[in-house]
Amino acid sequence: MRTTAVTLALVLSASASLAQQTADAVQPEGATDGRFTSIDPTVAAALEAKALGKPVQAQNWMVAAANPHAVKAGADVLRVGGTAADALVAVQTVLGLVEPQSSGIGGGAFLVYFDAATGELMTLDGRETAPLAATPRLFQNDDGEPMGFFDAVVGGLSVGTPGTPALLQEAHDRWGKSQWSGLFEPAIALATNGFSVSPRLAALVESDAERLSVHSETKAYFLPDGVVLQSGDTLKNAPYAATLQAMAQNGANAIYGGDIAADIVDAVQGAASPGVLSTIDLAIYQTKARPAVCATYRGLDVCGMGPPSSGALTVGQILGMLDSYDLSAGPDDADVRRLMGDASRLAFADRGRYMADSDYVPVPTKGLVDPAYLAERAGLLAGDTALKDVSAGTPAFDHALNWADDEAIELPSTSHISIVDSYGSVASMTTTIENAFGSRVMTNGFLLNNELTDFSFRSHRDGVPIANRIEPGKRPRSSMAPTIVMQNDKPVLAIGSPGGSRIIGYVAESIIAYVDWGMDVQQAVSVPHAVNRFGKYDVEDGTDATALEGPLTAMGFDVGARGLNSGLHAIAIGETLQGGADPRREGIALGE
């Protein structure tokens with residue numbers, strides 16, 4: 001479908017192969033939904049194009065993200081010559097308003113960025129940090145046993161120092177062209193004038209109403225007068241508008257010092273299950289520029305965020321192990337899924353043993369994606385049945401430490417943004433407050449993260465230390481996998497997803513769909529999921545993937561159908577730009 005100046009498309013409508021998910025996976029709005037058609041005529045046209053199930057086609061620039069309000073904000077920046085870094089600021093600040101359960105300035109993010117001017121690919125680490133007062137026993141009871149997960153999540157104890165504001169500032173300082181203050185205008189206007197609550201947000205509020213009621217400011221916002229927000233309600237957020245005004249005028253420092261920083265600390269220390277975050281933790285926070293971690297697959301370089309993220313390493317290991325196998329039979333072939341599932345199990349075994357914040361523990365990053373090591377591990381896949389036993393391997397070490405296996409819980413939430421600007425620069429950023437609605441603690445109009453629960457609650461196992469244990473200033477391990485695929489030193493695909501530790505499987509599967517199965521980028525992000533991390537093979541309920549249950553069970557896998565709510569947003573980069581947005585969420589891709 002064509003519009004006057006912009007060629008665009010929305011995600012696939014709920015097709016017959018995607019059944020109704022749980023409250024955590026509400027299908028996107030229908031093509032006639034007035035909540036988004038009123039945003040802009042081009043968005044209305046995109047909604048009409050949604051049912052076509054085809055990728056966006058564009059020549060100059062493109063943005064794909066999880067909500068039409070946010071995508072339009074980014075598109076407006078790109079249309080007038082802004083960079084991908086500029087657009088990130090606009091997209092993220094709107095997402096924090098209209099999709100607050102998933103990401104925001106109270107959380108953290110990882111950014112993979114290709115700078116067309118220099119040809120440099122690098123990553124920025126905006127992961128949250130543990131407070132200086134944190135100890136390895138932060139989430140243990142008096143007997144030294146781990147707390148229950150949600151006992152740890154809800155309240156101030158789980159809150160780490162937010163990193164997203166500093167990352168946005170750093171990205172803009174490095175690669176921005178637009179005036180910083182103007183990038184906040186779309187979010188400020190929406191927060192001031194109000195936006196229509198989407199069905200997804202309303203359903204998630206309803207499903208989490210009890211936890212959202214623990215903190216008074218959070219309850220007042222999401223359950224005004226004790227009534228759960230309804231789809232279609234107009235929601236305003238004057239405190240968030242004021243916070244963004246402060247950032248527009250004073251930069252990210254507005255969050256890390258002064259009144260807002262004091263309010264964050266008061267909220268954390270005064271919440272149910274008080275936390276130990278301090279104004280010093282906020283004042284000393286810094287993003288970190290790190291080299292990208294790349295692995296070879298089918299002659300491509302699959303590049304992403306290294307430690308403290310496990311995303312690039314684990315995606316790279318999965319693909320590296322599969323590189324010598326023929327996967328062309330496609331997603332419905334049980335043997336293809338056997339290979340993918342067991343490669344993932346092997347990679348997750350290494351993840352649990354070795355991966356953590358490399359500023360605190362020596363991670364064998366090069367050894368884990370070394371082709372010789374991956375070829376050795378790939379040999380374990382040569383049979384025709386599921387591997388009975390899976391354990392961590394022994395990659396080439398630059399240290400002599402041995403770690404116990406981790407047991408951190410990482411539940412799905414999060415959001416992903418992919419952007420290509422008119423200069424050829426590319427941004428792939430995954431952003432989160434961890435669990436849906438984070439810690440459930442709100443201040444100054446935004447939710448605070450619960451990222452500290454991404455650490456292992458145990459510090460040791462059988463006397464052996466766990467790499468991902470909590471330590472002061474440390475960044476918890478993450479599964480976020482913002483990815484840029486390179487060919488001949490040029491980007492050809494930007495992709496990423498939310499989904500907790502299943503992010504890794506979603507991203508690897510979509511890359512395989514695009515590279516091996518000949519799917520376009522929209523088809524690749526829409527393919528029914530089949531994901532195996534720790535032994536249980538999850539197939540996406542209500543889709544064609546459930547036909548794999550019998551064959552995979554016969555191969556020796558423990559298989560179960562469940563809702564698998566990814567949120568993949570991808571842009572393929574070639575002679576034209578092609579964008580795709582996951583049909584499981586309400587996002588879109590826009591381009592010109």
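Residues numbered from 1 in each chain as written. Predicted model: local features only at pLDDT ≥ 70, side-chain atom pairs only at ≥ 80, totals over all residues. Heavy atoms only, no water.

Colleague: Could you clarify how one ought to interpret the side chain of serine 439 in this entry?
Modeller: Counting through the fold element by element, serine 439 comes out in the loop between β12 (426–432) and β13 (442–443). Overall, the relative accessible area of 1% leaves serine 439 in the buried class. Excluding residues that lie within four positions of it along the chain, serine 439 makes contacts with Val153, Val154, Gly155, Ser158, Val159, Leu448, Asn449 and Asn450. (Helix = DSSP H or I, 4+ residues; strand = E, 2+ residues; numbered from the N terminus. Buried < 20%, exposed > 50% of the residue type's maximum accessible area, 1.4 Å probe, protein only. Contact = heavy atoms within 4.5 Å.)

Colleague: Help me understand the packing of aromatic side chains in this model?
Modeller: Two measures describe an aromatic ring pair: the distance that separates the ring centres and the angle between the ring planes. A complete count under the given rule lists 10 aromatic pairs for this structure. With a centroid separation of 4.9 Å and an interplanar angle of 80°, the aromatic rings of tyrosine 221 and phenylalanine 222 are classed as edge-to-face. Overall, the relative accessible area of 0% leaves phenylalanine 222 in the buried class. Note on phenylalanine 348 and phenylalanine 534: the rings are 5.3 Å apart at their centroids and 80° apart in plane angle, and the pair reads as edge-to-face. Taken together, the residues phenylalanine 348 in helix α16 (residues 334–354) and phenylalanine 534 in the loop between β19 (530–532) and β20 (536–540) connect sequence positions 186 residues apart. Among the aromatic residues, ring-to-ring pairing joins Phe139, Phe149, Phe150 and Phe457 into one connected group. If you follow lysine 177 out to its NZ or CZ, it ends over the ring of tyrosine 423, 5.2 Å from the centre. The aromatic ring of phenylalanine 150 is capped on one face by arginine 211, whose charged end is 3.6 Å from the ring centroid. (Phe/Tyr/Trp six-rings, centres within 6.5 Å; stacked < 30°, edge-to-face > 60°. Lys NZ or Arg CZ within 6 Å of the ring centre and 35° of its normal.)

Colleague: What am I meant to see in the state of the cysteines here?
Modeller: Under the definition given, this model contains one disulfide. A sulfur-sulfur separation of 2.1 Å characterises the disulfide bridge that pairs cysteine 294 with cysteine 303. Measuring handedness by torsion sign, the sulfur bridge of cysteine 294 and cysteine 303 sits at about 110° and is right-handed. (Disulfide = S-S within 2.5 Å.)

Colleague: I'm lost on the packing of helix α15 (residues 311–322) against α16 in this one. Help?
Modeller: Two measures define how a pair of helices packs: the angle their axes make with one another and the distance between the axes. Interhelical geometry of α15 versus α16 gives an angle of 135° and a closest axis separation of 9 Å. The angle between the axes of α15 and α16 places the two elements in the oblique class. Classified by chirality, the crossing of α16 by α15 is right-handed. Seen from α15, the contacting residues are Thr314, Gln317, Ile318, Met321 and Leu322; seen from α16, they are Leu339, Met340, Ala343, Ser344, Leu346, Ala347, Phe348, Asp350 and Arg351. Taken together, the residues of the contact of α15 with α16 break down into nine nonpolar, three polar and two charged. (Axes fitted to C-alpha atoms, helices over the stretch in contact; angles between N-to-C directions. Parallel < 35°, antiparallel > 145°, perpendicular 65-115°, else oblique. Left-handed = near helix turned anticlockwise from the far one by under 90°. Nonpolar A, V, L, I, M, F, W, Y, C, P; charged D, E, K, R; others polar.)

Colleague: Quick question: what am I supposed to make of the sheet that holds strand β2 (residues 56–58) here?
Modeller: By definition, the strands of a sheet pair up through backbone hydrogen bonds, in either a parallel or an antiparallel sense. Here we have seven strands laid out as an open sheet, ordered β2-β23-β22-β18-β17-β10-β9, and antiparallel in their pairing. The strands lining the two open edges of the sheet, one partner per strand, are β2 and β9 (293–297). On average, each strand axis in the sheet is tilted by 25° relative to the strand beside it, whichever way the strands run. Note that strand β10 (residues 300–304) and strand β17 (residues 483–487) share four bridges and pair antiparallel. From the neighbouring strand, cysteine 303 faces β17, where its bridge partner is isoleucine 484. Sheet strands touched by α15: β9 and β10. Its angle to β9, the strand with the most contacts, is close to 15°. Packing against the sheet, helix α19 (residues 503–515) makes contact with β9, β10, β17, β18 (490–495) and β22 (569–573), and its axis sits at approximately 130° to β18. (Pairing = 2+ DSSP bridges.)

Colleague: Any chance you could explain the environment of alanine 109 here in plain terms?
Modeller: You can see alanine 109 is positioned in strand β4 (residues 108–115). A sequence separation of 56 residues divides alanine 109 from proline 165, and the C-alpha atoms of the two residues are 9.3 Å apart. Other than its neighbours up to four places away in sequence, alanine 109 contacts Leu124, Asp125, Gly126, Arg127, Thr164, Leu167, Met429, Thr430, Thr431 and Met480.

Colleague: How do you make sense of the pattern of salt bridges when you look at a structure like this?
Modeller: Here the idea is simple: oppositely charged side chains can pair when their charged atoms come close. Tallied over the entire structure, the rule returns 26 salt bridges. A salt bridge links aspartate 76 to lysine 72; the nearest nitrogen and oxygen atoms lie 2.7 Å apart. In this pair, aspartate 76 and lysine 72 are both assigned in helix α3 (residues 68–79), four residues apart and thus about one turn of the helix distant. Residue classification places aspartate 76 among the partly exposed residues on the basis of a relative accessible area of 31%. Classification of lysine 72 as buried rests on a relative accessible area of 18%. One salt bridge in this structure joins glutamate 145 and arginine 458, with 3.5 Å as the shortest N-O distance. (Salt bridge = Lys/Arg side-chain N within 4 Å of Asp/Glu carboxyl O.)

Colleague: Just to check I follow, could you spell out the confidence of the model for the protein chain for this structure?
Modeller: On average, residues of the protein chain score 89 in pLDDT, and 89% of them are at 70 or above. Under a pLDDT of 50 for its full length, residues 1–34 has, in the predicted model, 110 contacts with residues more than four places off or in other chains. A low-confidence stretch, residues 406–412 stays under pLDDT 50, and its non-local contacts, those more than four residues away or across chains, total 35 contacts. (pLDDT = per-residue confidence, 0-100.)

Colleague: Teacher, can you tell me more about the nonpolar core here?
Modeller: In globular proteins that are soluble, nonpolar side chains generally tend to be buried together. Counting residues in each nonpolar core, the largest one holds 88 residues, and the members touching the most others are Leu111, Phe222, Ile264, Ile419 and Phe437. Residue contributions to this core peak at 11 residues, all from helix α4 (residues 84–98). Those residues in contact with isoleucine 419, other than ones at most four positions away along the chain, are Met62, Val63, Leu78, Ala84, Ala87, Leu88, Ser425, Val426, Ala427 and Ile571. If you look at the next biggest cluster of nonpolar residues, it comprises 60 residues, including Leu300, Val507, Val527 and Ala545. (Core = buried A, V, L, I, M, F, W, Y, C linked by side-chain atoms within 4.5 Å.)

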